[in-house]
Amino acid sequence: LETDEYLDEYKLTSIIKKYSDYIRYPIKMYTKGEKDSLEETTINSMIPIWKKKKNDVTDEELNEFYKTKFYDYQDPLTNIFINIEGALNYTALIYIPKKAPYDLYSENYEKGLQLYSKGVFIMEKCKDLVPDYFRFVKGLVDSNDLSLNISREILQQNNVLTKIAGNIEKKIASKLESLLKNDREKYVEFFETYGINLKYGIYDKYGLKKELLQDLIMFKTINSDEYITLKEYIEKMVE
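Residues numbered from 1 in each chain as written. Predicted model: local features only at pLDDT ≥ 70, side-chain atom pairs only at ≥ 80, totals over all residues. Heavy atoms only, no water.

1. Looking at the overall build of the protein
Tallying secondary structure elements over the protein gives 7 helices and 9 strands in all. Viewed in the frame of its principal axes, the protein has a C-alpha envelope of about 85 × 40 × 35 Å. Across the 239 residues of the protein, 39% fall into the buried class. Contacts spanning at least 24 positions in sequence make up 57% of the contacts within the protein whose residues lie at least 6 apart. Element-wise, carbon and sulfur atoms account for 49% of the exposed surface of the protein, whose accessible area totals about 15400 Å². For the protein, the separation between the mean place of its 36 positive charges and that of its 41 negative charges on side chains is 4 Å. (Helix = DSSP H or I, 4+ residues; strand = E, 2+ residues; numbered from the N terminus. Buried < 20%, exposed > 50% of the residue type's maximum accessible area, 1.4 Å probe, protein only. Contact = heavy atoms within 4.5 Å. Areas by Shrake-Rupley, 256 points an atom, 1.4 Å probe, with all protein chains shown as cover. Lys, Arg positive; Asp, Glu negative; His and termini not counted. Charge placed at Lys NZ, Arg CZ, Asp CG, Glu CD.)

Dropping the structure here:
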């Protein structure tokens, strides 16, 4: 029968891990052990890493989570831990990979963040959560303000999702500004990998995001092989 696969222990475990790993109650599986004794196993993790306090999670733990969750052998370039409470309620864990995905600029590449509601998995890649020029980011969003049975069609018209996406966009830009100011070497590494995306964002939608991105663009000049921003170049100009 077509449903026989759901009697398989591995199949059941993988389904539970994917959709209910972070439900705050234990999901237990009982299997026969030696002499027909029952062995109890708790399958789900219950408390997700993004639900913990930021100060209680180390960078090493965040990096290991990233590599396991998104199948990368390298640590990410950086991460963004977001916890918002108020008119909007959501947590998010965003990563910028050290290396660009091999198919980042192909038509088959799918951008988007994983979407959860109250710890329950809803969607693998919600493309409405990130703009095209930040298509390279990986991560997830978990919001208590979304219905568990929300459909893809409703998501596209959901005001909560639109507000979350706008907030995440600003948080990513703010993180990049911080890197540029405080860790120039790492930002240059980022820009050499993803700078073309920011340049695209400058003129996309008739320059709608120009103000947000313009100070993140870097150039090399005839006077130096070192990268410089337009703002820095103007500041060094002779009157």
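2. As for the sheet that holds strand β3 (residues 78-84)
In spatial order, the strands read β3-β4-β7-β5-β6; together these 5 strands make up an open sheet with mixed pairing. Here the strands that pair on one side only, and so sit at the sheet edges, are β3 and β6 (120-126). On average, each strand axis in the sheet is inclined to that of its neighbour by 15°, with strand direction left out of account. (Pairing = 2+ DSSP bridges. Axes fitted to C-alpha atoms, helices over the stretch in contact; angles between N-to-C directions.)

3. A short note on the packing of aromatic side chains
Inspection of the entire model under this criterion finds 16 aromatic pairs. Ring plane angle 40° and centroid distance 5.9 Å describe the contact between tyrosine 66 and phenylalanine 70, whose orientation is recorded as tilted. An identical accessibility class is assigned to tyrosine 66 and phenylalanine 70; each is buried. (Phe/Tyr/Trp six-rings, centres within 6.5 Å; stacked < 30°, edge-to-face > 60°.)

4. Side note on the layout of surface pockets
Space inside the largest pocket adds up to approximately 980 Å³. Lining the largest pocket are 39 residues, with Thr68, Lys69, Phe70, Tyr71 and Gln114 sitting closest to its centre. Among the secondary structure elements, those contributing two or more residues to the lining of the largest pocket are α1 (9-20), α2 (59-69), β5 (113-117), β6 and β7 (138-143). At 4 residues, α2 tops the list of elements feeding residues into the lining of the largest pocket. Classifying every residue of the lining of the largest pocket by side-chain character gives 18 nonpolar, 7 polar and 14 charged. (1 Å grid on protein atoms, 1.4 Å probe; cavity = no way out; pocket = protein on both sides within 12 Å on 5 of 7 lines; lining within 4 Å. Points joined across faces, edges and corners; volume = space filled by probe spheres on them. Nonpolar A, V, L, I, M, F, W, Y, C, P; charged D, E, K, R; others polar.)

5. Focus on the pattern of salt bridges
Oppositely charged side chains are able to pair whenever their charged atoms sit close together. Going through the model one piece at a time under the given rule, you end up with 9 salt bridges. Measuring nitrogen to oxygen at the nearest pair gives 3.1 Å for the salt bridge that ties lysine 28 to glutamate 40. Linking lysine 28 in strand β1 (residues 28-32) with glutamate 40 in strand β2 (residues 38-42), this pair joins segments that are 12 residues apart in sequence. Of the charged contacts, one joins lysine 209 and glutamate 169 as a salt bridge, the two residues approaching to 3.4 Å between their closest N and O atoms. Note that lysine 209 is positioned in the loop between α5 (184-203) and α6 (210-213) and glutamate 169 in helix α4 (residues 159-182), a separation of 40 residues in sequence. Lysine 209 sits in the partly exposed class, given a relative accessible area of 28%. (Salt bridge = Lys/Arg side-chain N within 4 Å of Asp/Glu carboxyl O.)

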